[in-house]
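Per-entry structural report
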Amino acid sequence: MSLADRDRAVVWHPFTQAATADPPLAVVSAAGAWLQLADGTRVFDAISSWWTCLHGHSHPRIVAAIAAQAARLDHVLFAGCTHPGAVALAEQLVQRAPPGLTRVFYSDDGSTAVEVALKMAVQCHAQRGQPQRTRFLALESGYHGDTFGAMSVGDPADFAGPFAPLLWPVTRVAVPTVDGDPLQSARDLTAALAALDAQLAACGDTVAAVIVEPLVQGAGGMRLYPPAFLQALAQRVRAHGGLVIADEVMTGFGRTGALFACEHAALAPDLLCLAKGLTGGTLPLAATLATTDIYEAFLGPDARRALLHGHSFTANPIACAAALASLAALDEDGLLAKARALHALYARILPPLQALPQVRAVRWLGGIGVLELHGGGYHDAHQSRQIRDFCLNQGVLIRPLGPVLYTLPPLGAELGDVEHAWRTLAAAVKLLR
Ligand SMILES: Cc1ncc(COP(=O)(O)O)c(C=O)c1O
């Protein structure tokens with residue numbers, strides 16, 4: 001029996017309608033930006049395996065660090081214990097993050113990093129004597145993960161389904177999205193900010209925080225918006241007593257050409273959520289960074305003032321070792337420069353595709369290149385499948401978000417391979433009627 005057949009008998013896959021899905025790709029190994037399939041073919045991982053794989057697969061430095069750490073200390077509980085990797089990584093993150101973020105709380109994945117930030121915001125206000133501050137603002141088409149808090153602040157349109165009645169109410173802010181290069185955008189923000197002002201006024205003193213994916217709304221369709229909007233949004237929310245949570249689970253670690261997307265807006269958030277690329281995409285690990293002010297709101301003689309939250313694998317030593325090696329490799333391999341080189345490549349090859357009648361818009365930022373087709377809702381799966389299959393047959397793995405096609409390759413990928421991926425995508429688009 002093939003691996004795919006055995007898989008079908010016992011495995012339940014994420015975000016997959018098993019009744020209609022193609023058999024899963026059987027991947028047996030990977031190196032650099034390439035996946036090796038069981039049938040002997042190679043596929044270019046144009047989406048970094050769900051945006052995790054930062055350098056390329058199995059970076060030697062990270063592999064060695066994982067092996068050495070596994071032999072030294074595999075795991076230890078993180079309440080009442082610490083270990084060198086967790087401390088060294090926290091030191092590095094504090095040093096590299098936007099100013100003011102001085103504390104690192106570890107968890108396991110993007111959703112938990114978000115849950116922790118949401119809880120910190122609410123509890124922090126309550127312990128400062130403002131328990132009414134429980135209202136979150138979040139962006140339309142935002143996505144922050146699949147646990148209940150993360151789902152609540154995510155846009156319910158595409159993902160919440162039957163869980164909608166269980167989600168808490170959120171003030172949903174319209175986003176002035178732009179095409180092309182958002183760093184060059186001169187879009188007039190007057191109407192968007194007037195609408196935001198009205199929403200904030202209606203919230204009164206109940207605002208806990210705003211949560212944003214800075215500049216790039218990933219799962220919502222690789223929507224981009226200008227840094228000036230992020231700046232103005234943060235400034236207005238703070239003026240209403242709210243905190244600013246930057247969810248950089250997808251954008252962190254150079255994906256946008258800066259180490260953190262907030263840097264494009266010179267924004268220092270109060271809480272910063274990191275995951276995916278934190279370990280270079282090798283192991284699950286997440287971090288929520290907080291300011292000294294927030295941390296101090298949890299101190300006191302009463303044990304219940306603490307953040308009563310934790311996971312079995314909090315700050316797993318092997319994952320911390322992978323993250324430290326990933327950060328060292330990020331510097332050593334010049335990944336930020338590589339992200340900027342991808343940005344320049346997209347700026348050259350995407351605008352001409354705008355001329356195709358099937359194309360509504362193109363946009364790009366750092367290592368993220370996007371082509372949006374006309375029409376089609378998120379669940380209009382037929383076209384997406386046609387494009388995905390065409391690309392796969394040409395050795396390129398993509399995962400369209402409805403009418404939105406994009407590449408977000410490992411930053412260590414060869415530019416020529418990314419250009420080839422786009423030639424393939426363009427050929428697929430031209431076949432659409
Ligand atoms: C911006 C953002 N936040 C949170 C998450 C959730 O991360 P995870 O899938 O690791 O739980 C994602 C996942 O794609 C994301 O893109």
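Residues numbered from 1 in each chain as written. Predicted model: local features only at pLDDT ≥ 70, side-chain atom pairs only at ≥ 80, totals over all residues. Heavy atoms only, no water.

1. Re the overall build of the protein
- Each helix and strand in the protein was counted, giving 14 helices and 16 strands.
- For 433 residues, the compact-globule estimate of 2.2 N^0.38 gives 22 Å, and the protein sits close to it at 21 Å.
- Across the 433 residues that make up the protein, the buried fraction comes to 52%.
- Restricting to contacts in the protein with at least 6 residues of sequence separation, those with at least 24 account for 73%.
- For the protein, the computed accessible surface area is about 18,300 Å², with 58% contributed by carbon and sulfur atoms.
- The average position of the 31 basic charges and that of the 36 acidic charges among the side chains of the protein differ by 1 Å. (Helix = DSSP H or I, 4+ residues; strand = E, 2+ residues; numbered from the N terminus. Rg over C-alpha atoms; globule rule 2.2 N^0.38 Å. Buried < 20%, exposed > 50% of the residue type's maximum accessible area, 1.4 Å probe, protein only. Contact = heavy atoms within 4.5 Å. Areas by Shrake-Rupley, 256 points an atom, 1.4 Å probe, with all protein chains shown as cover. Lys, Arg positive; Asp, Glu negative; His and termini not counted. Charge placed at Lys NZ, Arg CZ, Asp CG, Glu CD.)

2. A closer look at the site of the ligand
- Around the ligand, the neighbouring residues are W51, D109, G110, S111, Y143, H144, G145, E213, D247, V249, M250 and K276.
- At 2.6 Å, a side-chain N or O of S111 approaches an oxygen atom of the ligand.
- Here a nitrogen atom of the ligand and a side-chain polar atom of D247 are 2.6 Å apart.
- Relative to its free-state accessible area of 390 Å², the ligand is covered by the protein chains to the extent of 83%.
- Within the shell around the ligand, the residues separate by chemical class into four nonpolar, four polar and four charged. (Near = heavy atom within 4 Å. Polar contact = N/O pair within 3.5 Å; in protein donor to acceptor, adjacent residues only side chain to side chain. Nonpolar A, V, L, I, M, F, W, Y, C, P; charged D, E, K, R; others polar.)

3. As for the domain arrangement of the protein
- We note that the domain assignment places domain 1 (3–55 + 334–430) and domain 2 (63–331) within the protein.
- Domain 1 and domain 2 are separated by 26 Å when their C-alpha centres are compared.
- The partner domain 2 presents 34 residues to the 33 residues of domain 1 that form the contact.
- Summed over the three residues of domain 1 that lose the most area to domain 2, namely W51, L54 and L365, the buried surface amounts to 25% of that side.
- A salt bridge links D179 to R360, with the nearest nitrogen and oxygen atoms 3.2 Å apart.
- Here domain 1 and domain 2 share 20 residue pairs in polar contact (both at pLDDT 80 or more) between them.
- Mapped onto the side of domain 1 that touches domain 2, the elements with two or more residues apiece are helix 2 (48–51), helix 12 (335–349), strand 13 (359–365), strand 14 (368–373) and strand 16 (404–407).
- The greatest single-element share of the side of domain 1 that touches domain 2, amounting to six residues, is contributed by strand 13.
- In the side of domain 1 that touches domain 2, the residues fall into 22 nonpolar, eight polar and three charged. (Domains from an automatic or database assignment. Buried area = accessible area lost by both parts, 1.4 Å probe. Salt bridge = Lys/Arg side-chain N within 4 Å of Asp/Glu carboxyl O.)

4. Topic: helix 3 (residues 60–72)
- Over its 13 residues, helix 3 extends 18 Å from the first C-alpha to the last, a length consistent with the 18 Å expected when each residue adds 1.5 Å.
- If you check which residues of helix 3 are buried, you get I62, A65 and Q69. The arc enclosing the buried residues of helix 3, seen along the axis, measures out at 60°, which places them on a common side. Every exposed residue of helix 3 that faces more than 90 degrees away from the buried side is listed here: P60 and A71.
- Contact partners of the buried residues in helix 3: helix 11 (317–332). (Expected span 1.5 Å × (residues − 1). Arc of directions from axis to C-beta.)

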